[in-house]
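Tertiary structure, described
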Amino acid sequence: MTVVPSGGRPAVIPRDFPTNRGGLCQKGWTSAELLDTPGRLRSPLVRRPDGELAKASWDEALDYVAARISELRDTRGDDAVAVFGSGALTNEKAYLLGKFARIALRTSQIDYNGRFCMSAAATAGNRAFGLDRGLPFPVTDLDDSDVIILAGANPAETMPPLMSHLTGNRKLIVVDPRRTPTADVALRRGGMHLQPAPGTDLALALGLLHIAWTYGYLDTEERRGYRENRTRGWDETRQALTGWWPERAERLTGVSVADMRQAVHLLHTARSAHVLTGRGAEQHSKGTDTVTAWINLALAFGLPGTPGSGYGCLTGQGNGQGGREHGQKADQLPGYRSITSAEDRRHIASIWGVGERELPGPGRSATELLSALGAENGPRALLVFGANPVISAPRARRVADRLRRLDLLVVADSVLSETATAADVVLPVAQWAEEAGTMTSLEGRILRRRQAIPPPAGVRTDLEVIQALAVRLGRQAREFPADPDAVLAELREASAGGRADYSGATPERLAAEEPLYWPVPQGSAGTPRLFTDRFAHPDGKARFVPVGHRDAAELPDAEYPLFGTTGRILQHYQSGAQTRRVPELSAAAPELFVEVHPDTARHAGLADGTLARIRSRRGSVLARVRFVPALRADTVFLPFHFPGDGAANALTNPALDPLSGMPEFKVCAVRLERGNSL
């Protein structure tokens, strides 16, 4: 989209681009209002001895931060300082932030909020294919698909422009405990809505694959040849399926055998098909295995790497794909390299001009990092860039408590988010239209974001902040350039030869709007479609991985008899720190609500439109009741965009997927009470 002046204020004009076809969601149309919102930060803030945040000069704020960091490192070691990044940062920021943590701070303690979004799908994709790219094909390939299974995603609200690629003459099968607007679209157009109990998507996928196997749908010559020539592990996976007859899956999930059979038959008879997953399938303590079960279904039908078909993961943040590739993850180096690989460490150390042994090892994943803040052996300082964990993290109130235990909290943001409000130092940084850089779309296409307007006086870019802090900590300014093109040049060199190779993504090619999909080695045209000839494992074959269903970490019981699940809505984005400041969006969705089946609400003594208190073992929130007759009677839904007594993540379970570190956002046991209860 383009930003232009309109009556003295910026306005947004959408571009006709292949992914959005000239469309924007409500958040996109109103995004220019954030550029001069009344709450915009224009000066650093430092907490004074009286406890109040007060304006300070940049030198005063940065000098204070650097001095406190140096003191903590001297007394408690390098890992006393931690960094928390974001999937909203540009590729250049994500890269420089990871470099800053590892050679300016010398800390292993860095992770980012993308751990809460795509980590389960990334782990499953790497395990199955040897490579993780959200969609390993252009979005426009979905236009020619006959059948699309969409497991745990609601793009009609969260990504409306994508819906033009999911509708038309194709059958859309939506898997979701809620009858979302996306499910409504599917049903209106002759598709299906499979409505499993929260936390049972894995069992559903196993039941679908069992039907496909036992009905002989996988025995075509083409599908057998695909599995024999392009995959490994089918025999072991098939053996693990023997106990997952559809009647068992029905008892666990609540999805009828008839609906399962119909969905599999649609997949069987499709000329081309896609399986797509989203947060609903991934945000579980078994998220990696759940995504793997959907990948196994896709592999069994021979979809990944086949023209016109495939498997993909829908990303959830503005730079959800690029943000997870260039080193702001605890276990990662730029180019999607591994921090535990000697070869990868040597390569990055040579680019950064440091010894390999100077690079720290892997640190804590996001939830573990936030839980360790202020603890005896945990970090004593935290620098936050582009995130608001007080709202977005699981067991959010405990996170707020951990932040209060720190000796130093520094937040770089454009508005005073709930996390920034708790900070010792707040650094005002530029917004999306006020700086240049690159971002990577959900389909792996590298996009150049141009600066449309200058930032307000007194505001710096994140790159300028990182450089200024690095210099104060003893590094050279040239090691941390503030010019995004200079950072991109180094990122290209650092990523060269890595799984996410950006070395051919020059500013000139990006400015010319060449369709550059990574990997794009120097001189290549890029790779719009992955896996057409081989997968990224050394032998070129994809991996079936046998998985089995296991219960969520917490199930309903007599004390907490309902499933609580969370998600996003049309008007707000992530923690809502920005969208709640847009009058149009705030007026449309001003407060936390809870979707409840009318019978469930009446059993708790609640009427439509009244206030309810929702409790879990970790806390409680106050929400406005919305009757939703299509919702499962055992489930309530809350959006997670609101602060204070409306912070839905005060309820959620921080239980982690052991493979990806993904928290269990989508399932916790709750109960309903009248809203005046304490």
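Everything discussed here concerns the structure shown above.
Quick summary incoming for the structure in this document.

Observations concerning the nonpolar core
Phe100, Phe129, Trp294, Phe301, Tyr311, Trp352 and Leu427 are the most contacted members of the largest nonpolar core, which has 120 residues in total. Top contributing element to this core by residue count: helix H8 (residues 201-214), with nine residues. For Leu427, the residues in contact, after removing those within four places along its chain, are Pro44, Trp58, Ala61, Leu62, Val410, Val411, Ala412, Asp413 and Val465. Core analysis: the second largest hydrophobic core is formed by 25 residues, Leu382, Val411, Ala420 and Ala423 among them.

Some details on the environment of Tyr112
Within the element layout of this structure, Tyr112 appears in strand E6 (residues 110-112). Here the alpha-carbon distance between Tyr112 and Pro14, two residues 98 residues apart in the chain, equals 29 Å. Dropping the residues within four chain positions of it, Tyr112 is found in contact with Phe84, Gly85, Ser86, Gly87, Gly323, Arg324, Gln328, Lys329 and Ala366.

Some thoughts on the pattern of salt bridges
Going through the model one piece at a time under the given rule, you end up with 45 salt bridges. A salt bridge links Arg115 to Asp331, with the nearest nitrogen and oxygen atoms 3.9 Å apart. With Arg115 in the loop between E6 and helix H4 (119-129) and Asp331 in the loop between strand E12 (310-313) and strand E13 (332-333), this pair connects stretches of sequence that are 216 residues apart. Exposure remark for Arg115: the relative accessible area of 6% places this residue in the buried category. For Asp331, a relative accessible area of 38% puts it in the partly exposed group. Residue Arg671 is joined to Glu673 by a salt bridge in which the shortest nitrogen-to-oxygen separation is 2.7 Å. Look at Glu673 and you get buried, because its relative accessible area is 16%. Here the salt bridges share partners, and the residues they tie into one network are Lys93, Glu435, Arg449 and Asp462.

Scoring rules and cut-offs
- Residues numbered from 1 in each chain as written.
- Predicted model: local features only at pLDDT ≥ 70, side-chain atom pairs only at ≥ 80, totals over all residues.
- Heavy atoms only, no water.
- Core = buried A, V, L, I, M, F, W, Y, C linked by side-chain atoms within 4.5 Å.
- Buried < 20%, exposed > 50% of the residue type's maximum accessible area, 1.4 Å probe, protein only.
- Helix = DSSP H or I, 4+ residues; strand = E, 2+ residues; numbered from the N terminus.
- Contact = heavy atoms within 4.5 Å.
- Salt bridge = Lys/Arg side-chain N within 4 Å of Asp/Glu carboxyl O.

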